[in-house]
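Given next are the chains, with one letter for each unit.
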Amino acid sequence: MNHCITKPNLASTAGQWSLDDLEALQLLDQIQEDHSCYEVNNDEGDVVEFRLPSNPETQCFIDRLQLGIHCHKQRPLASLRKIKRIQGNKKLSVQYAKDLPIQLISALPAIFSMPVSGTYTVSVELETIHSVIQDLSDMERFILGSFTSNSAYTNEQAQAYVDALNRFQSLLNERMSSAKVRKRLHSRKNSRLKTKENMIELVHTLLHVHSKILVVRVDLGIMRTPESLINHHISSDQWQSEQDSQFIIDALERLNKNARMNRMKHALGYIHRIEYGPQKGFHVHAYYFFDGQDHWADITWGQYIAKQWQNVTHNQGSVFICNMKKEDYRYCALGMLDYSDVEMLKNLEQSFDYLCKNDQYFQFTTQKRIRGFRTSQPPEIPEVKMGCPRKHDQSHLR
């Protein structure tokens with residue numbers, strides 16, 4: 001079983017996402033897609049897509065973050081409008097900001113009422129949102145957690161609801177702009193940028209040594225039947241996830257150890273990104289790089305890596321060869337990468353950008369104890385290069 005993410009066109013801003021970033025909504029949309037979509041290859045090799053119900057808690061996290069982003073805009077979340085009735089008296093109607101999505105308005109009661117389980121480690125943004133919700137009065141939380149715009153309500157209830165919602169907005173903006181929160185966001189930005197820089201350094205160094213490299217990406221996971229995929233969202237079993245995490249780490253270690261004795265020894269380098277999703281469990285996004293002068297069949301290499309993964313998992317593994325669907329990527333970074341191909345190199349760096357960001361808002365508690373990124377050491381660049389001088393500019397390489 002296999003999963004392939006279609007990456008959005010993200011700017012190179014790894015780690016600096018916050019509630020006032022215009023592209024944060026795009027990232028959240030991609031995270032939501034990643035948590036609700038699972039692609040598998042059946043026995044015939046065809047791709048079958050499963051659309052799974054979102055995990056209630058992670059969906060609430062996403063909704064809270066989306067609300068936080070909308071809170072930053074310079075207008076109240078809601079206001080009151082007077083409507084004249086036939087009887088002559090006036091009724092107050094709640095009017096939400098025009099830019100608030102309908103689905104987000106529908107999610108408002110859950111946003112303010114759903115408890116936090118402790119299953120996930122959350123970001124500074126979510127911590128701040130949770131603390132602001134707790135700092136509201138019991139009555140404010142009750143009103144925000146129970147009010148729906150399509151139900152009957154009195155003028156007093158409408159006024160109390162709008163006041164509570166706009167107070168939440170004001171408190172959140174004040175707290176997000178505090179020195180303490182901004183310092184934590186800056187620290188996360190530096191950490192994410194450092195991780196991304198390590199990946200970029202590996203690729204640029206390989207392109208200094210080799211005029212072109214073959215980029216192969218495979219997504220590695222643990223075998224799950226369609227029935228377990230559909231049902232797994234209702235249970236977040238901590239013990240089972242602990243077991244899965246150790247299983248996948250041990251399998252990766254065996255994969256790297258065996259690579260010294262099989263054809264994978266031809267790989268110039270690799271990047272492994274270990275992730276967790278409520279429906280998918282633990283899985284790995286893996287990049288492998290080969291000398292483009294000697295190797296050009298990227299799908300064949302993907303199939304070979306898939307076979308090795310099945311060996312080290314004792315046929316309990318799942319694999320998706322992303323190179324088999326590279327035409328589906330809007331900004332493709334898979335296949336043959338020439339040192340002079342600035343556009344494809346930029347696309348590859350943007351794919352690293354997403355890998356650095358996709359768990360920064362929340363991550364499974366067990367995942368935090370795992371080294372999420374595993375990157376091979378870049379090679380030494382020889383002082384005197386063999387072969388013909390390069391014809392094209394390479395000043396874009398670091």
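A quick note: this is a predicted structure, and the numbers were derived from the prediction, not measured.

Undergrad: Can you explain the pairing of strand 7 (residues 269-277)? Please cite residues and give values.
TA: Most of strand 7 is tucked away: eight of the nine residues are buried. Of the pairings in the sheet, the one linking strand 7 to strand 12 (residues 373-375) comprises three bridges and is antiparallel in character. Opposite Ile-271, over in strand 12, you have Thr-375 as the bridge partner.

Undergrad: Before we move on, can you summarise unusual backbone geometry with the specific residues and values?
TA: Of all residues except glycine, most have a negative phi; of all peptide bonds, most are trans. Despite not being glycine, His-314 shows a phi value in the positive range, around 55°. Phi is positive for Asn-315, close to 65°, though the residue is something other than glycine. Mapping Asn-315 onto the fold places it in the loop between helix 10 (298-312) and strand 9 (317-321).

Undergrad: Before we move on, could you go through the confidence of the model for the chain and cite the residues and values that matter?
TA: Of all residues in the chain, 74% attain a pLDDT of 70 or more, and the chain-wide mean is 80. Below a pLDDT of 50 lies the segment residues 1-17, which in the model reaches 87 contacts outside its immediate sequence neighbourhood of four places, other chains included. Counted against residues more than four places away or in other chains, residues 228-239, with its pLDDT under 50, gives 21 contacts.

Undergrad: With reference to specific residues and values, describe the packing of helix 3 (residues 102-113) against helix 5 (residues 138-146).
TA: Relative to each other, helix 3 and helix 5 sit at 145°, their axes nearing to 6 Å. When you trace helix 3 past helix 5, the crossing you get is left-handed. Every residue of helix 5 that contacts helix 3 at Leu-108, Pro-109, Phe-112 and Ser-113 is listed here: Arg-141, Leu-144 and Gly-145. Tallied by class, the residues present in the contact of helix 3 with helix 5 amount to four nonpolar, two polar and one charged.

Undergrad: Tell me about the pattern of salt bridges, and please be specific about residues and values.
TA: A complete count under the given rule lists ten salt bridges for this structure. One salt bridge connects Glu-127 with Arg-184, and the closest N-O pair in it is separated by 2.9 Å. With Glu-127 in helix 4 (residues 124-135) and Arg-184 in helix 7 (residues 179-209), the pair connects residues that are 57 residues apart, well separated along the chain. We classify Arg-184 as partly exposed; its relative accessible area is 37%. With a closest N to O distance of 2.4 Å, Arg-141 and Asp-138 form a salt bridge. You can see Arg-141 and its partner Asp-138 sitting in helix 5, three residues apart, about one turn around the helix. Salt bridges sharing partners connect three or more residues here, namely Lys-73, Arg-75 and Asp-99.

Undergrad: So what's going on with helix 5? Residues and values would help.
TA: Those residues of helix 5 that sit buried are Glu-140, Arg-141, Ile-143 and Leu-144. Buried residues of helix 5, seen end-on, are gathered within an arc of 165° and therefore sit on one face of the element. Of the residues in helix 5, the exposed ones pointing more than 90 degrees away from the buried face are Asp-138, Met-139 and Phe-142.

Undergrad: Residue-level account of the packing of aromatic side chains, with values.
TA: Per the counting criterion, the structure on display carries nine aromatic pairs. For the pair Phe-290 and Trp-301, a centre-to-centre distance of 4.1 Å together with 20° between the ring planes defines the contact as stacked. Linking Phe-290 in strand 8 (residues 281-291) with Trp-301 in helix 10, this pair joins segments that are eleven residues apart in sequence. Neither Phe-290 nor Trp-301 differs from the other in exposure class; each is buried. Grouped by ring-pair contacts, the aromatic residues Tyr-96, Phe-147, Tyr-153 and Tyr-161 constitute a single cluster. Over the face of the ring belonging to Trp-301 we find Arg-263, whose NZ or CZ atom lies 4.8 Å from the ring centre.

Undergrad: Tell me about helix 6 (residues 155-176), residues and numbers included.
TA: For helix 6, with 22 residues, the first-to-last C-alpha span of 32 Å sits near the 32 Å given by 1.5 Å per residue. Among the residues of helix 6, those classed as buried are Ala-158, Tyr-161, Val-162, Ala-164, Leu-165, Asn-166, Phe-168, Gln-169, Leu-171, Leu-172 and Met-176.

Undergrad: Give me the pairing of strand 9: which residues, what numbers.
TA: Looking down a regular strand, the side chains alternate between one sheet face and the other. Of all five residues making up strand 9, five are buried, and the element is well covered by its neighbours. In strand 9, alternate side chains face the same way, and those of Gly-317, Val-319 and Ile-321 on one face and Ser-318 and Phe-320 on the other are all buried. Across five bridges, the pairing between strand 6 (residues 212-222) and strand 9 is antiparallel. Paired with Asp-219 across the strands is Phe-320, a residue of strand 9.

Calculation notes
Each chain has its residues counted from 1, following the order in which its sequence is written. Local features in a predicted model are, by the rule used here, given only for residues with pLDDT of at least 70; side-chain atom pairs are given and counted only at 80 or more, and totals for whole chains, interfaces and linings are based on all residues. Here the side-chain values reflect all heavy atoms present in the structure, with hydrogen atoms and water set aside. Throughout, exposure labels follow a simple rule: accessible area from a 1.4 Å probe, protein chains only, divided by the maximum for the residue type, with under 20% read as buried, over 50% as exposed, and the rest as partly exposed. Each helix corresponds to a stretch of at least 4 residues labelled H or I by DSSP, and each strand to a stretch of at least 2 residues labelled E; elements are numbered beginning at the N terminus. Note on pairing: DSSP must find at least two bridges between two strands before they are called paired. Confidence scores labelled pLDDT are given residue by residue by the predictor and lie between 0 and 100. Here, two residues are considered to be in contact whenever any of their heavy atoms come within 4.5 Å of each other. Under this scheme, a helix contributes an axis fitted over its contacting stretch, all axes are lines through C-alpha atoms, and angles between N-to-C directions fall in the 0 to 180 degree range. Helix crossings get a hand from a simple test, with the near helix turned counterclockwise from the far one by less than a right angle marking a left-handed crossing and a clockwise turn marking a right-handed one. For this scheme, ten residues count as nonpolar: Ala, Val, Leu, Ile, Met, Phe, Trp, Tyr, Cys and Pro. Four count as charged, namely Asp, Glu, Lys and Arg, and the remainder, Gly too, count as polar. By definition, a salt bridge exists where a carboxyl oxygen of Asp or Glu is found within 4 Å of a side-chain nitrogen of Lys or Arg. Working definition: the arc comes from the directions between the helix axis and the C-beta atoms, pointing outward to the latter. What counts as a ring pair is set by centres within 6.5 Å for rings of Phe, Tyr and Trp (its six-membered ring), and what kind of pair is set by the plane angle: stacked under 30 degrees, edge-to-face over 60, tilted for all other angles. Charge-over-ring placement is defined geometrically: NZ (Lys) or CZ (Arg) within 6 Å of the ring centre, and within 35 degrees of the ring normal. Any helix carries an expected span of 1.5 Å times its number of residues minus one.

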